[in-house]
Amino acid sequence: MIKTEYYKDLTKMNTFGMKVKARCFMEYDSVADLVDIEFAELARPVLHIGGGSNLLFTDDFKGTVLHSKINFIEILDECHSKCHFRTNGTSSEDVDSSDSGHENAPEVVLVSVGAGVVFDDFCDWAAKEGLWGVENLSYIPGEVGASAVQNIGAYGVEVKDVIHRVYCYDTVEEEFVSFSVEECGYGYRDSIFKNPEVKGRYVVTHVVFALSREPRPRLDYGHLRDAVLSALPADSITETESLPSRGDGPLPFMRPRSATVSADAAQQVKPTIEGTPTHSDTSSDCNFDRTQRVEKSITPALIRKVIIRIRKEKLPEPSVVGSAGSFFKNPVVSAEHFARIEAAAKAEHGADYNVPHYIIMPECQCVPETPSHSVGPSPYPGVGKCLLHTNDTSAGRGDYSVKVPAAWMIEQCGWKGRRSGGAAVWEKQPLVIVNYTGEAYPEEIVGLEKRIIASVKSKFDVELHPEVEHV
Ligand SMILES: Cc1cc2nc3c(=O)[nH]c(=O)nc-3n(C[C@H](O)[C@H](O)[C@H](O)COP(=O)(O)OP(=O)(O)OC[C@H]3O[C@@H](n4cnc5c(N)ncnc54)[C@H](O)[C@@H]3O)c2cc1C
């Protein structure tokens, strides 16, 4: 079924809560309905929205807004290395897990999810199924279709890490196409679908995710490990135990932190290749039992619960305070430019002051929140330290660039918590501009955005660019 409405109020369809209307709004339930839409006939421009959580409507929309209600979650197959599954109910396809970067995945569970599914409902479903992969992405607003466009990320995971294939309708050629992860050209909150040359051409119909039944907690981001540890049931861990330092694989064996077990005894407990401990004495047996208890207690559901709690503490709840999450991208500057920023900050705050930053080496393609690289703790979203390459900079080579948290710059310019008409900078996270009164006009949000950009430019000689899409 296709529902068409004219002069549709979009206030509840964008998380910023901008009171705007769409000249034409069309919502479809299925792929068959999508094919029935005469794209060439639609009032232009055409915009496909999801939950409207990365959009800032600056005016009424003069063309057609489309929205998908393709809502299904389906396990296609559980496989070890190679499996056979059906796509879209019409054709079948061999899937070699090696073509998606999941070649080492011990037990891949391919799950097909409709573009209109609320992404967090999918995370909730996966957690309840005991499936690993999207738990760190819990509570990110928006829908599954847009998640594949945006390459959403949080707490050390990007959705590209678990995407197997993205299925789309090509509105120009009027045919179904699909893209492997490599073909999607994912970058930091980026994909080919955002490329101006093809933007709007491909409508995501569903996404196939590669999840896993094997435990693979990713806890290296910020204080997540500590938060998960403290959320564990009391009988599964004692204060002498700690979680392993890297979380991007099956949990390695846990070694006791205290002196209750001698160094010799601890040394006899050697991890095997699979991370399963061998143990040779009674104290090791005891540790092994405790480790197993801890491992069993860490579930996707537990990580999800902890992340939801942290996010609720930090970020505005869209149903209460309108926003689109992080408003600006984190800027990247040259090493020389960063040295100037750092010198000025030390002059202002004292010689011991450290500017939060993230080194990007020329040969290093690491991006913030990418689990393949060890990212040190940082309170700023999308900015951590690449521990792999940080040391290289001490050689003074100067051929690296530096990512500086936009939130830090905005705070340094005195914007944190400041209001401007109905708009404000969120007190707990200055990267977020909010519709503070619920009645803010788009001009007030844009006005605040411009003033922030101007003051960051003036203080740091850095141009901030919005992450939020202006419509
Ligand atoms: C409070 C808050 C916190 C946030 N935290 C995070 C975070 O931690 N990490 C993060 O990455 N993002 C975060 N965001 C941003 C936002 O949630 C994501 O960008 C999300 O993916 C947007 O999804 P959406 O469905 O709302 O898409 P929309 O905002 O409606 O659209 C986003 C883009 O996707 C396109 N699109 C939507 N659906 C389709 C489709 N079916 N086919 C083709 N194109 C489509 C749109 O045209 C648009 O270009 C946050 C936002 C808020 C409000």
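Preceding this paragraph is the structure being described.
Below you will find a few notes about this structure.

So, how was this worked out
- Residues numbered from 1 in each chain as written.
- Predicted model: local features only at pLDDT ≥ 70, side-chain atom pairs only at ≥ 80, totals over all residues.
- Helix = DSSP H or I, 4+ residues; strand = E, 2+ residues; numbered from the N terminus.
- Buried ≥ 20, exposed ≤ 12 C-beta atoms within 10 Å, placed from the backbone.
- Contact = placed C-beta atoms within 7 Å.
- Pairing = 2+ DSSP bridges.
- Arc of directions from axis to C-beta.
- Core = buried A, V, L, I, M, F, W, Y, C linked by C-beta atoms within 7 Å.
- Axes fitted to C-alpha atoms, helices over the stretch in contact; angles between N-to-C directions.
- Near = placed C-beta within 6 Å.
- Nonpolar A, V, L, I, M, F, W, Y, C, P; charged D, E, K, R; others polar.

Each helix and strand counted, the protein chain has ten helices and 24 strands in total. Buried residues in the protein chain amount to 41% of all 471 residues. Restricting the contact set of the protein chain to residue pairs at least 6 apart, pairs at least 24 apart contribute 66%.

To continue, consider the sheet that holds strand β17 (residues 322-326). Pairing is antiparallel across the open sheet formed by four strands, whose spatial order is β17-β23-β22-β21. On the outer flanks of this sheet lie β17 and β21 (419-420), each paired with one strand and no other. Across two bridges, the pairing between β21 and strand β22 (residues 423-425) is antiparallel. Its bridge partner being in β22, Ser420 is matched across the sheet by Ala423.

Our next topic: helix α2 (residues 119-129). Of the residues making up α2, those classed as buried are Phe119, Phe122, Cys123, Ala126 and Ala127. Relative to the axis of α2, the buried residues are bounded by an arc of 135° and lie together on one face. Positioned one or two residues after α2, Gly130 has a phi angle of 75°, which is positive.

Most of β17 is tucked away: five of the five residues are buried. With three bridges joining them, β17 and strand β23 (residues 432-435) adopt antiparallel strand pairing. Bridging from a neighbouring strand, Gly322 pairs with Asn435 of β23.

If you look at the biggest cluster of nonpolar residues, it comprises 106 residues, and the most contacted ones within it are Val204, Val207, Phe209, Leu211 and Ile410. The biggest single contributor to this core is strand β14 (residues 202-212), with eight residues. Those residues in contact with Leu211 that sit more than four places away from it in its chain are Val109, Val111, Ala126, Leu131, Trp132, Gly133, Val134 and Val162.

Here the focus is the sheet that holds strand β20 (residues 401-403). Remark on secondary structure: sheet strands pair via backbone hydrogen bonds, oriented parallel or antiparallel. If you trace the three strands from one edge of the open sheet to the other, you get β18-β20-β19, paired in antiparallel fashion. At either margin of the open sheet sits one strand with a lone partner, and together these are β18 (332-334) and β19 (358-360). The average angle at which neighbouring strand axes cross in this sheet is 35°, direction not considered. Of the pairings in the sheet, the one linking β18 to β20 comprises three bridges and is antiparallel in character. Note that in β20 the partner of Ser334 across the bridge is Ser401. Packed onto the sheet, helix α8 (residues 335-349) meets β18 and β20 and runs at close to 95° relative to β18.

Within the structure, the ligand sits among 35 residues, and Gly50, Gly142, Gly145, Ala146 and Gly325 are positioned closest to it. Contributing elements (two or more residues each) for the shell around the ligand: β3 (46-49), α3 (144-150), β10 (153-154), β14 and β17. Here the shell around the ligand gets five residues from one element, more than from any other, and that element is α3. Its residues placed into classes, the shell around the ligand shows 17 nonpolar, 15 polar and three charged.

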